[in-house]
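Here are the chains, one letter per residue:
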Amino acid sequence: MKKFYSVTALALLCVGCMVLTSCKDKDDEKVLGPAGTKSYLEEVALEMAGKVDVKDFEHYVKLVKHVNDNYVDGNASWDNDVEGWAENIMDNLMGSIVKTSMKTEKQTYYYTYTYNYYYNHYQGTILASNFKGHWTYNTSRKKWQHTSADDIQFIFPNQSGEECVLKAVVSGSVKKAYLFYVDDYKRMSHPSNYVWNEYYDRKECTIGVPEQIVITLTEGGRTLITQTVKINLDDITDETFDIGKSKFSFTSNTVCDNGYVMDVKNAAYTAKSATVEFTLTKNGERLVHSTISNDLKNVPQKQLTDLYDMNGSEIDDLFADANGTSAFSVDVLGKVQVKGTCGDAHKLADCLDELEDAEDEATYKKLVNDANTTFEANLYYNGTSTRQAYVRLEAFDEDEWDDDYYDSRSYFYSSWSYRPIICFPDGTSYSCANYFNEDDFTKIIDEYNRQEDAAEDMW
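What you are looking at is a predicted structure, and each value in this text was computed from that prediction instead of being measured.

A. Focus on the layout of surface pockets. In this structure, the second largest pocket encloses a volume near 480 Å³. If you trace the second largest pocket, you find 24 residues lining it, with Ala 128, Ser 129, Phe 131, Ile 152 and Val 170 closest to the centre. Of all the elements in the fold, those that place two or more residues in the lining of the second largest pocket are strand S5 (152-157), strand S6 (163-192) and strand S7 (195-219). If one sorts the elements of the lining of the second largest pocket by residue count, S6 sits on top with 8 residues. Of the residues in the lining of the second largest pocket, the class split is 15 nonpolar, 5 polar and 4 charged.

B. Structural view of the pairing of strand S11 (residues 273-282). Where strand S10 (residues 260-269) lies against S11, 8 bridges are found, and the strand directions are antiparallel. Counterpart to Ala 268 in the pairing with S11 is Thr 275. Between S10 and S11, which follow one another and run antiparallel, lie 3 residues. Between the end of S11 and the start of strand S12 (residues 285-297), which pair antiparallel, lie 2 residues, with Asn 283 showing a positive phi angle near 50°.

C. Broad picture of the pairing of strand S4 (residues 143-147). Sheet analysis places strand S3 (residues 133-138) next to S4, joined by 5 bridges and oriented antiparallel. When the sheet's bridge partners are listed, Trp 135 is paired in S4 with His 146. Two successive antiparallel strands, S3 and S4, enclose a turn made up of 4 residues, where Lys 142 displays a positive phi of approximately 50°.

D. Local environment of the side chain of Asp 397. Counting through the fold element by element, Asp 397 comes out in strand S16 (residues 389-397). Here Asp 397 is buried and forms no salt bridge, its nearest opposite-charge partner Lys 365 lying at an N-O distance of 8.7 Å. When residues no more than four places from it in sequence are discounted, the contact partners of Asp 397 are Ser 415 and Trp 416.

E. Structural context of the nonpolar core. Judged by nonpolar contacts, the single largest core of 62 residues is most densely connected at Trp 135, Trp 144, Phe 154, Phe 156, Leu 287, Val 332 and Val 336. The element best represented in this core is helix H2 (residues 33-51), accounting for 6 residues. Residues in contact with Phe 154, not counting those within four places in the same chain, are Trp 78, Val 82, Trp 135, Trp 144, Cys 164, Val 165 and Leu 166. Formed by 15 residues, the second largest nonpolar core is a distinct cluster that contains Leu 348, Leu 352, Ala 358 and Phe 375.

F. Representation of the environment of Asn 253. Positionally, Asn 253 belongs in strand S9 (residues 248-256). Owing to a relative accessible area of 26%, Asn 253 belongs among the partly exposed residues under this scheme. When the C-alpha atoms of Asn 253 and Val 264 are compared, they prove to be 6.4 Å apart, with 11 residues separating the residues in sequence. Here Asp 263 takes part through its side chain, which lies 2.7 Å from a polar atom of the side chain of Asn 253.

G. Quick peek at the environment of Thr 139. Tracing the backbone through its elements, the reader meets Thr 139 in the loop between S3 and S4. Residue classification places Thr 139 among the partly exposed residues on the basis of a relative accessible area of 49%. Each C-alpha atom of the pair Thr 139 and Gly 312 lies 51 Å from the other, and the pair is 173 residues apart in sequence.

H. Focus on the pattern of salt bridges. Following the criterion strictly, the structure yields 21 salt bridges and no others. We note a salt bridge from Lys 203 to Asp 91, for which the minimum N-O separation is 3.2 Å. Linking Lys 203 in strand S7 with Asp 91 in helix H4 (residues 76-94), this pair joins segments that are 112 residues apart in sequence. Lys 203 is the partner of Asp 184 in a salt bridge, and the nearest nitrogen-oxygen pair spans 3.2 Å. With a gap of 19 residues between them, Asp 184 in strand S6 and Lys 203 in strand S7 connect regions that are remote in the sequence. Through salt bridges that share partners, Asp 53, Glu 447 and Arg 450 make up one connected network.

I. Just the packing of H2 against helix H10 (residues 442-458), in detail. Remark: H2 packs on H10, axes separated minimally by 9 Å, with the N-to-C direction vectors making an angle of 20°. The angle between the axes of H2 and H10 places the two elements in the roughly parallel class. As for the relative orientation of H2 and H10, their crossing is left-handed in sense. Here H2 contributes Glu 42, Ala 45, Leu 46 and Ala 49 to the contact with H10, which in turn contributes Thr 442, Lys 443, Ile 444, Glu 447, Tyr 448 and Gln 451. Its residues assigned to classes, the contact of H2 with H10 shows 5 nonpolar, 2 polar and 3 charged.

J. Representation of the packing of aromatic side chains in the model. Applying the stated criterion to the full structure yields 29 aromatic pairs. Judged by centre distance (4.5 Å) and plane angle (50°), the ring pair of Tyr 40 and Tyr 381 falls under tilted. On the criterion of sequence distance, the pair formed by Tyr 40 in helix H2 and Tyr 381 in strand S15 (residues 375-381) is long-range, its members being 341 residues apart. Ring centres of Tyr 435 and Phe 436 lie 5.1 Å apart, and the angle between their planes is 85°; on these two criteria the pair is classed as edge-to-face. Side by side, Tyr 435 and Phe 436 carry an identical accessibility label, which is buried. Three or more aromatic residues joined by ring pairs form one cluster here, namely Tyr 71, Trp 78, Tyr 137, Trp 144, Phe 154 and Phe 156. The residue whose ring lies beneath Arg 202 is Tyr 119, and the NZ or CZ to ring-centre distance is 4.2 Å.

K. Just a nonpolar patch on the surface, in detail. On the surface, a cluster of nonpolar side chains totalling about 580 Å² of accessible area is made up of Tyr 109, Tyr 110, Tyr 111 and Tyr 194. Relative to the elements of secondary structure, Tyr 111 occurs in strand S2 (residues 111-126). Residue classification places Tyr 111 among the partly exposed positions, given a relative accessible area of 48%.

L. Representation of a negative patch on the surface within the structure. Among the surface-exposed residues, Glu 314, Asp 316, Asp 317, Asp 350, Asp 353, Glu 354, Asp 357, Glu 359 and Asp 360 lie close enough to one another that they form a single negatively charged patch. Within the residue set of the negative patch, elements represented by two or more residues are helix H6 (312-318) and helix H7 (345-355). Relative to the helices and strands, Glu 354 is located in helix H7.

M. Representation of unusual backbone geometry. Unusually for a residue other than glycine, Tyr 110 sits at a positive phi of about 70°. Along the chain, Tyr 110 falls in the loop between strand S1 (99-109) and S2. Notably, Asn 382 is not glycine yet its phi reads approximately 55°, a positive angle. Looking at the secondary structure, you find Asn 382 in the loop between S15 and S16.

Rules used throughout
Residues numbered from 1 in each chain as written. Predicted model: local features only at pLDDT ≥ 70, side-chain atom pairs only at ≥ 80, totals over all residues. Heavy atoms only, no water. 1 Å grid on protein atoms, 1.4 Å probe; cavity = no way out; pocket = protein on both sides within 12 Å on 5 of 7 lines; lining within 4 Å. Points joined across faces, edges and corners; volume = space filled by probe spheres on them. Helix = DSSP H or I, 4+ residues; strand = E, 2+ residues; numbered from the N terminus. Nonpolar A, V, L, I, M, F, W, Y, C, P; charged D, E, K, R; others polar. Pairing = 2+ DSSP bridges. Buried < 20%, exposed > 50% of the residue type's maximum accessible area, 1.4 Å probe, protein only. Lys, Arg positive; Asp, Glu negative; His and termini not counted. Salt bridge = Lys/Arg side-chain N within 4 Å of Asp/Glu carboxyl O. Contact = heavy atoms within 4.5 Å. Core = buried A, V, L, I, M, F, W, Y, C linked by side-chain atoms within 4.5 Å. Polar contact = N/O pair within 3.5 Å; in protein donor to acceptor, adjacent residues only side chain to side chain. Axes fitted to C-alpha atoms, helices over the stretch in contact; angles between N-to-C directions. Parallel < 35°, antiparallel > 145°, perpendicular 65-115°, else oblique. Left-handed = near helix turned anticlockwise from the far one by under 90°. Phe/Tyr/Trp six-rings, centres within 6.5 Å; stacked < 30°, edge-to-face > 60°. Lys NZ or Arg CZ within 6 Å of the ring centre and 35° of its normal. Patch = residues over 30% accessible without salt bridge, like charges linked within 9 Å, V, L, I, M, F, W, Y side chains within 5 Å. Areas by Shrake-Rupley, 256 points an atom, 1.4 Å probe, with all protein chains shown as cover. Charge placed at Lys NZ, Arg CZ, Asp CG, Glu CD.

Right under this line is the structure:
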């Protein structure tokens with residue numbers, strides 16, 4: 001079973017993640033073909049596994065496990081003092097009931113059943129300044145103790161008794177936005193065989209989002225991890241986020257003392273575009289770089305929180321005219337790149353939806369071919385523009401599947417399904433599951449299993 005999951009992970013890494021990094025203007029890269037590509041991908045995967053080892057994070061994992069086992073999970077003081085403190089703050093922020101509402105749903109199975117949902121609405125604004133103070137763990141009393149302060153810190157000893165401090169500091173202006181609600185179930189009544197009534201408290205949470213949040217974890221005076229998040233919600237009006245009008249952007253930089261740095265840049269959303277860029281480096285060497293960009297059109301004006309109460313059909317109707325194109329990329333060690341585009345997201349989604357009801361072979365294959373016209377996913381090496389392979393979808397009769405495919409997507413009304421296929425310039429093609437098999441990728445599977453065992457041992 002481990003080998004199967006490792007093969008799947010490798011396939012996702014080398015094919016499913018087909019995305020871009022910088023491409024040089026040359027076409028002189030040798031086409032390796034099916035056999036050569038297997039060898040090269042395993043070589044790069046082994047190199048990557050040698051650079052990113054779970055053992056690099058052993059110290060962090062052991063510290064987290066120590067804190068969880070001794071100070072959090074099953075600790076009465078954490079449950080009563082810390083969580084109770086936070087819950088009391090939240091309850092006080094919500095205030096009293098501002099309105100009540102009711103929603104009814106009906107379902108028919110021989111008889112018509114009615115489900116009534118009743119809500120008491122509470123509203124509150126949650127600010128970082130609401131949660132202040134230093135929580136220090138007293139090992140002799142096995143108790144968390146709170147002292148007043150202008151920031152929030154958790155102070156506790158590690159396995160050796162050294163003092164650790166987890167601290168969050170916010171700065172800059174604060175923008176308020178109603179982003180989510182929490183429903184607390186209260187009770188249910190069953191007045192008849194065909195009617196159910198359920199009662200909830202709905203806590204509608206407006207969040208005060210600061211311009212910058214810095215989270216640090218220190219141990220014995222040494223900084224283990226620092227994460228800096230910068231957020232821009234300047235376009236929010238009336239404290240509501242409207243997906244058709246509002247904008248947001250953020251960056252995140254996470255620095256670990258073991259040499260790893262994770263950067264999220266250009267993460268932004270508007271009704272016309274959405275982008276994000278991610279980079280992973282270790283000791284200054286770039287290991288992974290990925291980008292996603294989307295051009296959007298006809299995004300409807302709707303408050304984000306209104307979407308939560310809509311069912312699938314209502315959301316489909318709301319976004320009936322919306323569409324988008326996208327480009328995505330991943331680069332691994334500068335040696336393997338995958339570029340992808342989707343020219344018509346709406347058509348692709350429609351084709352995949354219609355496949356669920358397609359019963360005859362001709363219709364099913366046509367829909368799969370139509371889906372293939374909407375996207376590309378190409379494999380490249382060493383930053384060149386020589387295409388080494390590409391991925392498409394292909395229809396298969398389910399009766400011909402072997403056991404490994406029964407957890408893939410299938411359709412109740414059809415004997416047909418589809419799988420991703422990796423295709424090569426010489427005209428050969430293989431299902432991804434067959435191409436990335438256990439026999440041809442034994443070394444990387446063994447290496448991933450070793451790291452999986454190491455990770456399990458850590459926990």
